[in-house]
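# Summary of structural features
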Amino acid sequence: MFKTLDDLDPEQRVLVRLDLNSPIEDGEVQDNRRFDRHAETVRELAEAGHRVVLMAHQGRPGGDDFVSLEQHADILASHVGRDVAFVADTYGDEAIDAIDALEAGEVLLLENTRMCDEELPEEDPEVKADTEFVRTLAEHVDAYVNDAYSAAHRSHASLVGFPLVLPAYAGRVMQTEYEANSSIATREFDGQVTMVVGGTKATDVIDVMNNLGDKVDQFLLGGIAGELFLRAAGNDVGFDLEGMDFFDDQWEENRETIESLLDERGDQIKLAVDLAYENETDDRGEIAVANITEKDRAYLDVGSMTVDEYDPIIRDSEAVFVKGALGLFEDERFAVGTTGVLRAIAETDCFSVVGGGDTSRAIEMYGMDEADFGHVSIAGGAYIRALTGAPLAGVEALKQD
Ligand SMILES: Nc1ncnc2c1ncn2[C@@H]1O[C@H](COP(=O)(O)OP(=O)(O)O)[C@@H](O)[C@H]1O
Ligand SMILES: O=C(OP(=O)(O)O)[C@H](O)COP(=O)(O)O
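The name an unreviewed UniProt entry gives the chain is Phosphoglycerate kinase, with Haloferax massiliensis as the organism. Recorded in UniProt under Subcellular location (unreviewed entry), the annotation for the chain is "Cytoplasm". For the chain, the Subunit (unreviewed entry) comment in UniProt is given as "Monomer."

Laid out in structure tokens, this is it:
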């Protein structure tokens, strides 16, 4: 395992990697739960009297959201409750002067790490540790903290290089995310373990089932992935319609695997019994899967009968994990499935983990209280990798320190 902030010596100059990658609208960085979560780590370090140097990224070179972190510093400061100074430099003289000038308890955010050429290409930790970027910054700090679990699947310099040249620790977000998201594979639960899987990507659902099939008692399916499983079970759903050309592509690529999963794990896999669509008056209509004779419309949610079937299964479970939404929950008419399962989880005292960048947003959107869930992940790609058993380069680098 890795060391945590509990192991950090006092009065250190600490270089901390956060993940503040955020949506940007009309040039404005949108506040989101990543700021709030990382603020805890930053506050703890500053209050303990460390000198805190922060690194983070935003977007990718060439993208519209590849911008400076200047606004991020202000948003973070509002969550930490302390000043967060900003320097528009990653590791040049300006950055080094600002780091060297820090007093105990002060916090400084460096410029977008991806503005440094050595950050991005995915390379081995040894290569990253030997970059000028890592070597230069390492000379001006005493310790490295990685709090960026949600970026830990990237083998980038700021994530894997520093643990080879500095004492390295997991921040609070890293620690909590790692423990919760690995728990389905590592923990023994006394009662039933249920996994709600949906979203748009069939391969995510397939990989999760292959990796966790022996740990999970039942998979409750929905979303576009769920429709493809319904199609494999012989129903007239999950075909391409206008504007949804990923259905047939995904079907071609995954048909055989889905069919064999249904063969081998049929008893564990629960499929929707009804689906919802937009009717002639633009309202939500529902139809039983058994009554669908022809694929002539898009289905945008599981139906209410399905929620009624999934609800007691969740309430009888000891642990529930969620990956992917059961419908197009961003549209209130098609949020019934996703909010239905989330409410059932919130109302029971089961251990629960909700993840996926989009899915966990439903909790906020529909006014549910995060405190009613065991853990709500702020990770997307890293969360699915954890569930499918793939190692995270940033976590592995921390473990080796
Ligand atoms: N039947 C559906 N039709 C269109 N979109 C859907 C449907 N079901 C789920 N979705 C969409 O799937 C998205 C979640 O997909 P997913 O790949 O699981 O993302 P994440 O991992 O970020 O939660 C949601 O934003 C939701 O709108
Ligand atoms: O937001 C992130 O990942 P996510 O979209 O999977 O949650 C991370 O900051 C990683 O960003 P990247 O996918 O540009 O490497």
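After that view, the rundown keeps rolling.
It is worth spelling out the site of ligand 1 at this point. Near ligand 1 there are 19 residues, and of these Lys201, Lys323, Glu330, Asp358 and Thr359 occur at the shortest range. Tyr299 is positioned with one of its backbone polar atoms (N or O) 3.1 Å from a nitrogen atom of ligand 1. With the chains in place, 90% of the 570 Å² that ligand 1 exposes on its own is no longer accessible. Placement of ligand 1 is best described as lying within the second largest pocket. Sorting the residues of the shell around ligand 1 by element identifies helix H9 (223-232) and helix H13 (357-365) as the ones contributing at least two each. It is H13 that contributes the most residues to the shell around ligand 1, three residues altogether. Looking at the shell around ligand 1 residue by residue, the classes come out as seven nonpolar, eight polar and four charged.

Looking now at the UniProt feature "binding site: (2R)-3-phosphoglycerate" (unreviewed entry) in the chain. UniProt tags Arg34, Arg114 and Arg154 as "binding site: (2R)-3-phosphoglycerate" (unreviewed entry). Cross-referencing the annotated residues with the lining of the largest pocket gives Arg34, Arg114 and Arg154. Along the chain, the position of Arg34 falls in helix H1 (residues 33-47). Apart from the residues lying within four places of it in its own chain, the contact partners of Arg34 are Asp19, Leu20, Asn21, Ser150, Ile378 and Ala379. Of the polar contacts made by the side chain of Arg34, one reaches the side chain of Asp19; its length is 3.4 Å. As for its position among the elements, Arg154 is in the loop between strand S7 (143-146) and helix H6 (157-161). Classification of Arg154 by relative accessible area gives partly exposed; the value is 26%. In this view, Arg154 contacts Arg60, Glu122, Leu159, Val160, Arg385 and Ala393; residues no more than four positions away in its chain are not counted.

Summed over the entire model, instances satisfying the criterion amount to eight aromatic pairs. Note on Tyr277 and Tyr299: the rings are 6.2 Å apart at their centroids and 85° apart in plane angle, and the pair reads as edge-to-face. Taken together, the residues Tyr277 in strand S12 (residues 274-278) and Tyr299 in the loop between strand S13 (284-288) and strand S14 (301-302) connect sequence positions 22 residues apart. We classify Tyr299 as buried; its relative accessible area is 4%. A network of ring pairs unites the aromatic residues Tyr91, Phe133, Tyr144 and Phe162 as a single cluster.

Turning to a negative patch on the surface, a few remarks are in order. On the surface, Asp93, Glu94, Asp97 and Asp100 cluster together into a patch of negative charge. With respect to the helices and strands, the residue Asp93 is situated in helix H3 (residues 93-100). Take Asp93: its relative accessible area is 64%, and that puts it in the exposed class.

The subject of this paragraph is the site of ligand 2. All residues in the neighbourhood of ligand 2 are listed as Asp19, Asn21, Arg34, His57, Arg60, Arg114, Ser150, Arg154, Gly380 and Gly381. Contacts to ligand 2 include His57, whose side-chain N or O atom sits 3.0 Å from an oxygen atom. A distance of 3.2 Å separates an oxygen atom of ligand 2 from a polar atom in the backbone of Gly380. Bound to the protein, ligand 2 loses 77% of the 390 Å² it would expose on its own.

Turning our attention to the sheet that holds strand S6 (residues 107-110). The strand order across the open sheet built from six strands is S5-S6-S4-S1-S7-S8, with neighbouring strands paired in parallel fashion. For this open sheet the edge positions go to strand S5 (85-87) and strand S8 (168-170), each flanked by a neighbour on one side alone. For this sheet the average axis-to-axis angle between neighbouring strands, irrespective of direction, equals 25°. Relative to strand S4 (residues 51-55), strand S1 (residues 13-17) runs parallel, the two sharing five bridges.

Another point: the domain arrangement of the chain. Parsing the chain into structural domains produces domain 1 (5-170) and domain 2 (180-388). Each side of the interface is counted separately: domain 1 has eight residues, and domain 2 has 14 residues. Regarding the contact of domain 1 and domain 2, the summed buried area is about 940 Å², with carbon and sulfur atoms giving 48% of it. Where domain 1 meets domain 2, there are three salt bridges. With a shortest N-O distance of 3.9 Å, Glu364 and Arg33 are connected by a salt bridge. Run the count over domain 1 and domain 2 and you get six residue pairs in polar contact (both at pLDDT 80 or more).

Quick notes on the rules
- Residues numbered from 1 in each chain as written.
- Chains lettered and ligands numbered in written order.
- Predicted model: local features only at pLDDT ≥ 70, side-chain atom pairs only at ≥ 80, totals over all residues.
- Heavy atoms only, no water.
- UniProt positions renumbered as here; feature names shortened; annotations may be inferred.
- Near = heavy atom within 4 Å.
- Polar contact = N/O pair within 3.5 Å; in protein donor to acceptor, adjacent residues only side chain to side chain.
- Areas by Shrake-Rupley, 256 points an atom, 1.4 Å probe, with all protein chains shown as cover.
- 1 Å grid on protein atoms, 1.4 Å probe; cavity = no way out; pocket = protein on both sides within 12 Å on 5 of 7 lines; lining within 4 Å.
- Sits in = over half its atoms within 2 Å of the grid points.
- Helix = DSSP H or I, 4+ residues; strand = E, 2+ residues; numbered from the N terminus.
- Nonpolar A, V, L, I, M, F, W, Y, C, P; charged D, E, K, R; others polar.
- Contact = heavy atoms within 4.5 Å.
- Buried < 20%, exposed > 50% of the residue type's maximum accessible area, 1.4 Å probe, protein only.
- Phe/Tyr/Trp six-rings, centres within 6.5 Å; stacked < 30°, edge-to-face > 60°.
- Patch = residues over 30% accessible without salt bridge, like charges linked within 9 Å, V, L, I, M, F, W, Y side chains within 5 Å.
- Salt bridge = Lys/Arg side-chain N within 4 Å of Asp/Glu carboxyl O.
- Lys, Arg positive; Asp, Glu negative; His and termini not counted.
- Charge placed at Lys NZ, Arg CZ, Asp CG, Glu CD.
- Pairing = 2+ DSSP bridges.
- Axes fitted to C-alpha atoms, helices over the stretch in contact; angles between N-to-C directions.
- Domains from an automatic or database assignment.
- Buried area = accessible area lost by both parts, 1.4 Å probe.

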